[in-house]
Amino acid sequence: MEDLSRVLRERLEKAEELEKEGIPLYPNGYSVEDTVARILEDHGHKTAEELDQDDTVFTVAGRIMAVRSHGKSTFMHIQDGTGRIQIYCQQNRLGKESYTLVKRLDIGDIIRVKGPLFRTKTDELTVQADEVILLTKSLRPLPEKYHGLKDVETRYRQRYVDLIVNPQVRETFIKRTRIVQAIRQFLTDRGFLEVETPMMQVIPGGATAKPFKTHHNALGIDLYLRIAPELYLKRLLVGGFERVFELNRNFRNEGISTQHNPEFTMLEFYQAYATYEDFIRLTEELFAYVAQTVNGGNLQLTYQGQTIDLTPPWRRYRLSEALVELGGVPPAAITDADAALETARAMGLEAEKYEGHGKLLTKIFDLVVEPKLIQPTFITHYPLEVSPLSRRNEEEPDLTDRFELFIAGREMANAFSELNDPRDQKERFLKQVEARDAGDEEAHLMDEDYIRALEYGMPPAAGEGIGIDRLVMLFTDSPSIRDVILFPHLRPERKA
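Residues numbered from 1 in each chain as written. Predicted model: local features only at pLDDT ≥ 70, side-chain atom pairs only at ≥ 80, totals over all residues. Heavy atoms only, no water.

The sites that UniProt annotates as "binding site: Mg(2+) 1" (unreviewed entry) are E404 and E411. Inspection of the secondary structure assignment puts E404 in strand β18 (residues 402-407). Not counting the four nearest positions on each side in its chain, E404 is found in contact with T377, F378, I379, Y382, E411, A413 and N414. With respect to the helices, strands and loops of the structure, E411 is situated in strand β19 (residues 410-417). Among the residues examined, E411 registers a relative accessible area of 28% and is labelled partly exposed. (UniProt positions renumbered as here; feature names shortened; annotations may be inferred. Helix = DSSP H or I, 4+ residues; strand = E, 2+ residues; numbered from the N terminus. Contact = heavy atoms within 4.5 Å. Buried < 20%, exposed > 50% of the residue type's maximum accessible area, 1.4 Å probe, protein only.)

So, in structure tokens, the structure goes:
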């Protein structure tokens, strides 16, 4: 800490000295014509002789990442948003005054450099500086060996530093953007309309989760940050939009873990006259499209040491089948609530008073089956009790036309044929209210306006939600959700 305080003090003193000498520390208005990536792409293949015959002058700006001085000459590496390139500064070329400034620059400073290209004796493509201008003075030093930081939370808390010094982190977030763009393109090409629905809702619905609560002073009402956009998107189906999607933030007042952040990005899409079976095929196509777009066309990827093959078709199990075949659950537990309770207790699980047979089976599934689903696997036919918005299966009315997709041992998507019978929906909402009164804080609230919308008539439809953060984790081989969210939520920083 003392060393850091000393360096901060020295840098501040240097900045004040430069200002006294009339050197602006944070000037503006200097245009930058070139990027490192474009220079490397257009000229990286040229030989030293070809560069000597080329009198093109380049203007590039970036942060100083390394410095090597040799008397009257200095090599630097600067980094912009696209890559790094070497800069060569000579006193006899820049002039004594400008070179003196170069010698006083620090790692972390942002500069603008102008000059031609050449190759050094080691054949490195380099900008020969004819002009160097300080654009931003850095008052705080970059960590010298950033990968050696003991407190990993510092990387998340100071993401701006993480992005500067860790190229892999930058690549992760560039890939995240490309994944989102690919999803938008995929859905748009299939006739889906991107829409926006309220982030603040009078009644939070569309998922089983505890919401964040706030208050609107002018209206004098409590509002909730949305836990899902589902009920509003289905109102749009009622209104005649037959294919819609929203890609935006949800908020759930839950714990923080490697898979959970209270603020996260969700894709939800809905299609009239489709079923959950249609969406199984659509989901396979979507994941394959994303892989082909951002993964070099390869449908295989490595996640935490395991090879994941996204080539369709993917495995399918009914929930009951998966419990027995993959989880080793006694068949009696599938049909008998008491046997399920006995099985759960043997695993260390307890049933709350508001949890029925179906809820208990899904808790057992989460414990003994989900971690085993490494390759893409659809689990279908979920109990009605845990699917309050799903259409009943016509042959087995205690089950629903629903699937969840699992990859790498975690849920990636949830989809179902939508319940569009307002009478059935109202009945299920009432049961959710009963569960809430019995202590289930995540149960749905009654939404009378949504019932009213269904009474006008919603076409048969299917809907699906995909967690974008988990999807990005998969495609970037990231073990924690914090690695794919630019600014994840953390406990407040302790003051020294």
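Additional details are given in the paragraphs that follow.
In this model, the chain carries an average pLDDT of 94, and 98% of its residues clear a pLDDT of 70 or more. Of the regions scoring below 50 in pLDDT, residues 146-150 engages in seven contacts with residues more than four places distant in sequence or in other chains. (pLDDT = per-residue confidence, 0-100.)

Okay, the UniProt feature "binding site: Mg(2+) 2" (unreviewed entry) in the chain next. Mapped onto this structure's residue numbering, the UniProt feature "binding site: Mg(2+) 2" (unreviewed entry) falls at E411. Residue contacts for E411: discarding those within four places in its chain leaves E370, E404, L405, F406 and R470.

Sizing a probe to match a water molecule and rolling it over the atoms shows the empty space that remains. Applying the stated rule across the entire model yields one cavity of 30 Å³ or more. What the largest cavity holds in volume is close to 50 Å³. In this structure, the largest cavity is lined by P204, G205, A207, A209, P211, I227, R436, E441, E442, A443, H444 and L445. Partitioning the lining of the largest cavity into residue classes produces seven nonpolar, two polar and three charged. (1 Å grid on protein atoms, 1.4 Å probe; cavity = no way out; pocket = protein on both sides within 12 Å on 5 of 7 lines; lining within 4 Å. Points joined across faces, edges and corners; volume = space filled by probe spheres on them. Nonpolar A, V, L, I, M, F, W, Y, C, P; charged D, E, K, R; others polar.)

We now examine the nonpolar core. One finds I183, L267, F269, I407, L474 and F475 to be the most contacted residues of the largest nonpolar core, which totals 48 residues. Broken down by element, this core gets its largest block of residues, ten residues, from helix α10 (residues 276-294). Among all residues touching I407, those that are not within four sequence positions of it are F287, I308, L310, L373, I374, P376, M412 and L474. Residues V36, F58, I64 and V102 belong to the second largest nonpolar core, which totals 27 residues. (Core = buried A, V, L, I, M, F, W, Y, C linked by side-chain atoms within 4.5 Å.)

We now examine helix α5 (residues 96-104). Among all positions in α5, only Y99, L101 and V102 are buried. With its buried residues spanning 150° around the axis, α5 presents them on a single face. In this structure, α5 carries K96 and E97 as exposed residues pointing more than 90 degrees from its buried face. (Arc of directions from axis to C-beta.)

Bringing unusual backbone geometry into the picture now. The peptide bond linking P312 to P313 adopts the cis configuration, its omega dihedral lying at -5°. Take P313: it is sitting in the loop between β15 (306-309) and β16 (315-318). Residues other than glycine seldom take positive phi values, yet Y273 does so here, at roughly 65°. In this fold, Y273 is placed in the loop between β13 (263-272) and α10. Its identity as a non-glycine residue notwithstanding, Q304 has a phi of 50°, on the positive side.

Moving on to the sheet that holds strand β7 (residues 131-136). Across the sheet, seven strands lie side by side as β5-β6-β3-β2-β1-β4-β7; this open sheet has mixed pairing. Since the sheet does not close on itself, it has two edges, and those belong to β5 (117-119) and β7, each with one partner. Ignoring which end each strand starts from, the neighbouring axes of this sheet average 45° apart. (Pairing = 2+ DSSP bridges. Axes fitted to C-alpha atoms, helices over the stretch in contact; angles between N-to-C directions.)

What follows is about the sheet that holds β16. A sheet is described by the order of its strands in space; here eight strands give the open sequence β8-β12-β13-β20-β19-β18-β17-β16, paired in mixed fashion. In the strand order of this sheet, the two ends are held by β8 (193-194) and β16, each with one partner. The pairing of β13 with strand β20 (residues 461-467) spans seven bridges and is antiparallel. Residue pairing in the sheet places E268 in a bridge with G465 of β20. Each of β12 (243-251), β13, β19 and β20 touches helix α9 (residues 230-238); the most contacted strand, β13, lies at about 25° to it. Strands in contact with helix α17 (residues 468-476) are β12, β13, β18, β19 and β20; relative to β19, the strand with the most contacts, it is inclined by about 135°.

Let's shift gears to the environment of L94. Tracing the sequence through the fold places L94 in helix α4 (residues 91-94). For L94, a relative accessible area of 12% corresponds to the buried category. Distance in space between the C-alpha atoms of L94 and T476 is 44 Å, their sequence separation being 382 residues.

Within helix α13 (residues 337-346), the full set of buried residues consists of A339, A340, T343 and A344. Projected down its long axis, α13 shows its buried positions confined to an angular sector of 135°, all on one face. Counted as exposed and oriented over 90 degrees from the buried face of α13: D338, E342 and A346. At its buried positions, α13 is contacted by α12 (331-335) and α14 (357-368). Sitting at the head of α13, D336 places a side-chain oxygen 3.2 Å from the backbone nitrogen of D338. In the stretch just after α13, G348 is the one whose phi turns positive, near 90°. (Polar contact = N/O pair within 3.5 Å; in protein donor to acceptor, adjacent residues only side chain to side chain.)

What follows deals with the packing of helix α8 (residues 167-189) against α10. Viewed as axis vectors pointing N to C, α8 and α10 meet at an angle of 135°, and their least axial separation amounts to 9 Å. As far as their axial angle goes, α10 and α8 are oblique. As for how α8 packs across α10, the hand of that crossing is right-handed. Contacts between α8 and α10 involve K175, R178, I179, A182, I183, Q185 and F186 on the former and, on the latter, L282, E285, L286, Y289, V290, T293 and V294. Residue classes in the contact of α8 with α10 are distributed as nine nonpolar, two polar and three charged. (Parallel < 35°, antiparallel > 145°, perpendicular 65-115°, else oblique. Left-handed = near helix turned anticlockwise from the far one by under 90°.)

Quick look at the domain arrangement of the chain now. Looking at the chain, the domain boundaries give domain 1 (1-136) and domain 2 (165-314 + 375-483). A straight line from the C-alpha centre of domain 1 to that of domain 2 covers 48 Å. (Domains from an automatic or database assignment.)

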